[in-house]
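Chains, contacts and geometry: an overview
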Amino acid sequence: RRLLALTYLRLGQPDKSLSVLQPLLDKADPPQPVYMMAAQAHMMAGDVVKAEALLEKAAKLAPDDKRTRTALAVSRLMRGNVDAGMSELQTLSAKDDSTMADLPLIGALVRKKDYAGALKAIDALEAKTAGQPTAANLRARVLMQQGNKEAARQSFEAALKIQPSFYPATSALAQLALMDGKPDEAKRLIDGAIQADPRNMQALLAS
């Protein structure tokens, strides 16, 4: 049942997943993964209230499980309980070496337009992901929202230095070049992306 429910989730069919899981949920002591899958199905179906109730049950069964606590914090954010959700994500980010809580935390801070807080959270993410372009790319996008185009450009370039085939940064730099009236520079960037990854369909279509 759990495997079938997971398959339905991956196919984007939460109703069928919940139907398969219901007999397990009706038992006296469902295991924690069942609560997690049912919560994911309700979240996919748009019922955040039911999802949060199931996540709370899952968290009681496994209070130290970072995945469960992160999902619960995100559900609280989605329900509008911003302070509680943010506080939990910040705690998880500070205590956990994984990046599970960092990305939803950064997203929540950006939505609040707390750009200083978002940049600080990105610094923490960068410390955990040395050698990856994700933090530099996120920093650039926050800087763009602040209107600091030149600093954003430098961060996009930093992402490409880490990983030349990282196309999101290339695409953003090409768009900046076009905004500045530099189509040749934009073409050079796209050609560089194709050279770094000849099978990159996005770059090939943009060339």
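We now turn to the structure provided with this report. These numbers were taken from a predicted model, which means no experiment stands behind them.

The number of helices and strands found in the chain is 13 helices and zero strands. Seen in sequence order, the chain has helices and strands lined up from the N terminus as α-α-α-α-α-α-α-α-α-α-α-α-α. With the principal axes as the frame, the chain shows a C-alpha extent of 65 × 35 × 25 Å. Each of the 207 residues in the chain was classed as buried or not, and the buried ones make up 42%.

Moving on: helix 11 (residues 167-179). Note on helix geometry: an α-helix contains 3.6 residues per turn, so any two residues three or four positions apart are oriented the same way. Helix length check: helix 11 (13 residues) gives 18 Å between terminal C-alpha atoms against 18 Å at 1.5 Å per residue, within 8%. As for helix 11, its buried residues are in contact with helix 9 (134-145), helix 10 (149-162), helix 12 (183-196) and helix 13 (201-206).

The next subject is a nonpolar patch on the surface. Where nonpolar side chains cluster on the molecular surface, the patch consists of Met201, Leu204 and Leu205 and spans about 320 Å² of accessible area. Look at Met201 and you get exposed, because its relative accessible area is 52%.

Turning our eyes to something else, we now look at the environment of Met36. Position of Met36 among the secondary structure elements: in helix 3 (residues 32-45). Once the C-alpha coordinates of Met36 and Met78 are considered, the two residues, 42 residues apart in sequence, prove to be 17 Å apart. What Met36 contacts, discounting residues up to four positions off in sequence, is Leu55, Ala58, Arg67 and Thr68.

This brings us to the nonpolar core. Among the nonpolar cores identified, the biggest contains 41 residues, and Val142 and Phe156 are the most heavily contacted of them. Counting residues per element, the ones that place at least two in this core are helix 5 (66-78), helix 6 (82-95), helix 7 (102-111), helix 8 (115-128), helix 9, helix 10, helix 11 and helix 12. By size, the runner-up hydrophobic cluster in this structure holds 19 residues, among which are Leu9, Leu24, Tyr35 and Leu72.

The next subject is the pattern of salt bridges. In this structure the tally under the stated criterion is 13 salt bridges. Residue Asp47 is joined to Lys50 by a salt bridge in which the shortest nitrogen-to-oxygen separation is 4.0 Å. Relative accessible area serves as the criterion here: at 48%, Lys50 is assigned to the partly exposed category. A salt bridge links Asp180 to Arg153, with the shortest nitrogen-to-oxygen separation between them at 3.0 Å. Taken together, the positions of Asp180 in the loop between helix 11 and helix 12 and Arg153 in helix 10 put the pair 27 residues apart, joining distant regions of the chain. Residue Asp180 is classed as partly exposed on the basis of its relative accessible area, which comes to 30%. Its relative accessible area of 17% is what places Arg153 among the buried residues. Put simply, Glu52, Glu56, Arg76 and Arg79 are held in one network by salt bridges that share partners.

Close contact between helix 4 (residues 48-61) and helix 5 brings their axes to 9 Å; oriented N to C, the two are set at 150°. The pairing of helix 4 with helix 5 is recorded here as roughly antiparallel in orientation. Crossing geometry of helix 4 relative to helix 5 is assigned as left-handed. Across from Val48, Glu52, Leu55, Glu56, Ala58 and Ala59 in helix 4, the residues of helix 5 making contact are Thr68, Ala71, Leu72, Ser75, Arg76 and Met78.

With that settled, consider the side chain of Thr129. By the secondary structure assignment, Thr129 is in the loop between helix 8 and helix 9. The contacts of Thr129, once residues within four sequence positions are left out, are Thr99 and Ala135.

This part takes up the environment of Ala108. Secondary-structure assignment places Ala108 in helix 7. Apart from the residues within four sequence positions on either side, Ala108 is in contact with Leu77 and Met86.

For helix 5, with 13 residues, the first-to-last C-alpha span of 18 Å sits near the 18 Å given by 1.5 Å per residue. Listing the buried residues of helix 5 in full gives Thr68, Thr70, Leu72, Ala73, Ser75 and Leu77. On its buried face, helix 5 is in contact with helix 3, helix 4, helix 6 and helix 7. Following helix 5 by one or two positions, Gly80 has its phi on the positive side, about 95°.

The rules behind these values
- Residues numbered from 1 in each chain as written.
- Predicted model: local features only at pLDDT ≥ 70, side-chain atom pairs only at ≥ 80, totals over all residues.
- Heavy atoms only, no water.
- Helix = DSSP H or I, 4+ residues; strand = E, 2+ residues; numbered from the N terminus.
- Buried < 20%, exposed > 50% of the residue type's maximum accessible area, 1.4 Å probe, protein only.
- Expected span 1.5 Å × (residues − 1).
- Contact = heavy atoms within 4.5 Å.
- Patch = residues over 30% accessible without salt bridge, like charges linked within 9 Å, V, L, I, M, F, W, Y side chains within 5 Å.
- Areas by Shrake-Rupley, 256 points an atom, 1.4 Å probe, with all protein chains shown as cover.
- Salt bridge = Lys/Arg side-chain N within 4 Å of Asp/Glu carboxyl O.
- Core = buried A, V, L, I, M, F, W, Y, C linked by side-chain atoms within 4.5 Å.
- Axes fitted to C-alpha atoms, helices over the stretch in contact; angles between N-to-C directions.
- Parallel < 35°, antiparallel > 145°, perpendicular 65-115°, else oblique.
- Left-handed = near helix turned anticlockwise from the far one by under 90°.

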